[in-house]
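# Topology and contacts: notes
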Amino acid sequence: DLHSSSTGTVEMEPDGLVLIGKEDDIKRSRRVTAKVNGRHVVVFYHKGKFHAMDSRCYHEGGPLHLGEIEDINGQACITCPWHKYKITLETGEGLYEGINPLEPSPTPQWRSKGVKQRIHKVTIDNGNVYVSPPDLSVSFDSDYFADKYKNNGDLAM
Ligand code: FES
């Protein structure tokens, strides 16, 4: 009916994208959690960039949205509060500190285990922040916990 649709400005949402919130609000709060196609996602605003990833850690499902961000070799990483795993915000790679015993004086170096955490594409449009629905034809370790916590509304733990 005409009345319910005439609420003033019509805002078109980019096709298929999920609205997370206002750009300014997320810049202020620095992080926000949301549900995207049923899965818990966290959006970070860090050093001028937005990053979105599954909020349940690929290791055992720890709450990444409660973790601290730190820089490792110039890469911004979230540290999982449960067992301190480090995950890069940009690519979702799990990092570990390894040593090469063949070196004369082995020093620990950060290495990548590959992409473990599902990263979500962020789009800024007209002052709003959107996340793209996940492409489930590709799978990541964090999918298991995204599924496991799907029907659990309580994010904080
Ligand atoms: Fe995240 Fe173990 S659950 S490090």
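Predicted model only: the values in this text are computed from it and were never measured.

Reading the values: the criteria
- Residues numbered from 1 in each chain as written.
- Predicted model: local features only at pLDDT ≥ 70, side-chain atom pairs only at ≥ 80, totals over all residues.
- Heavy atoms only, no water.
- Helix = DSSP H or I, 4+ residues; strand = E, 2+ residues; numbered from the N terminus.
- Buried < 20%, exposed > 50% of the residue type's maximum accessible area, 1.4 Å probe, protein only.
- Contact = heavy atoms within 4.5 Å.
- Areas by Shrake-Rupley, 256 points an atom, 1.4 Å probe, with all protein chains shown as cover.
- Salt bridge = Lys/Arg side-chain N within 4 Å of Asp/Glu carboxyl O.
- pLDDT = per-residue confidence, 0-100.
- Pairing = 2+ DSSP bridges.
- Axes fitted to C-alpha atoms, helices over the stretch in contact; angles between N-to-C directions.
- Phe/Tyr/Trp six-rings, centres within 6.5 Å; stacked < 30°, edge-to-face > 60°.

### Brief notes about the overall build of the protein
In terms of regular secondary structure, the protein is built from 3 helices and 12 strands. By residue count, 39% of the 157 residues in the protein fall in the buried class. Relative to all contacts within the protein whose residues are 6 or more apart in sequence, the contacts with residues 24 or more apart total 49%. Looking at the protein as shown, the accessible area adds up to about 9,100 Å², and 50% of this sits on carbon and sulfur atoms.

### Observations concerning the pattern of salt bridges
Counted under the stated rule, the structure contains 10 salt bridges. Note that Asp 71 and Lys 47 form a salt bridge whose closest N and O atoms lie 3.7 Å from each other. Of the two residues, Asp 71 is situated in strand S5 (residues 68-72) and Lys 47 in the loop between strand S3 (39-46) and strand S4 (49-54); the sequence distance between them amounts to 24 residues. On the basis of relative accessible area, Asp 71 is assigned to the partly exposed category, the value being 41%.

### Re the confidence of the model for the protein
When pLDDT is low, close inspection of the predicted coordinates is not appropriate. Mean pLDDT for the protein: 90, with 89% of residues reaching 70 or above. For this predicted complex, the interface score ipTM comes out at 0.99, alongside a pTM of 0.86.

### Details of the sheet that holds strand S6 (residues 75-79)
Strand order in the open sheet made by the 5 strands is S5-S6-S7-S8-S9, with antiparallel pairing throughout. In this open sheet, the two edge strands, each paired with only one partner strand, are S5 and strand S9 (109-115). For this sheet, the mean inter-axis angle between neighbouring strands, taken without regard to orientation, is 40°. Inspection of the sheet shows strand S7 (residues 86-88) paired to strand S8 (residues 93-98) by 2 bridges, in the antiparallel sense. Pairing of Lys 86 across the sheet is with Leu 95, part of S8.

### A closer look at unusual backbone geometry
In this structure, Asn 37 is a non-glycine residue whose phi angle is positive, near 50°. In the Ramachandran plot, Asn 73 falls in the positive-phi region, its phi being about 50° despite a non-glycine side chain. Within the secondary structure layout, Asn 73 lies in the loop between S5 and S6.

### Here's the deal with the packing of aromatic side chains
This structure, assessed with the given rule, holds 3 aromatic pairs. Centroid distance Tyr 45 to Phe 50: 4.8 Å. Interplanar angle 50°. Geometry classified as tilted. The burial state of Tyr 45 is the same as that of Phe 50; both residues are buried. When the ring of Tyr 58 is compared with that of Tyr 85, the centres are 5.8 Å apart and the planes differ by 50°; the resulting orientation is tilted. Residue Tyr 58 is found in the loop between S4 and S5, and its partner Tyr 85 is found in the loop between S6 and S7; the two are separated by 27 residues along the sequence. A residue is classified by how much of its surface remains accessible, and Tyr 58, at 8% relative accessible area, is buried.

### Focus: the pairing of strand S12 (residues 128-131)
By the alternation rule, side chains of S12 split into Asn 128 and Tyr 130 and Val 129 and Val 131, which are all buried. Inspection of the sheet shows strand S1 (residues 18-22) paired to S12 by 4 bridges, in the antiparallel sense. For Val 18, the partnering residue across the bridge sits in S12 and is Val 131. Across 4 bridges, strand S11 (residues 122-125) lies against S12 in antiparallel orientation.

### Some thoughts on the sheet that holds strand S10 (residues 119-120)
Sheet architecture is open: 4 strands sit in the order S2-S3-S4-S10, paired in antiparallel fashion. Strands with a single pairing partner mark the edges of an open sheet, and in this sheet they are strand S2 (31-36) and S10. In the sheet, S4 pairs with S10 via 2 bridges, with the strands oriented antiparallel. Residue pairing in the sheet places Met 53 in a bridge with Ile 119 of S10.

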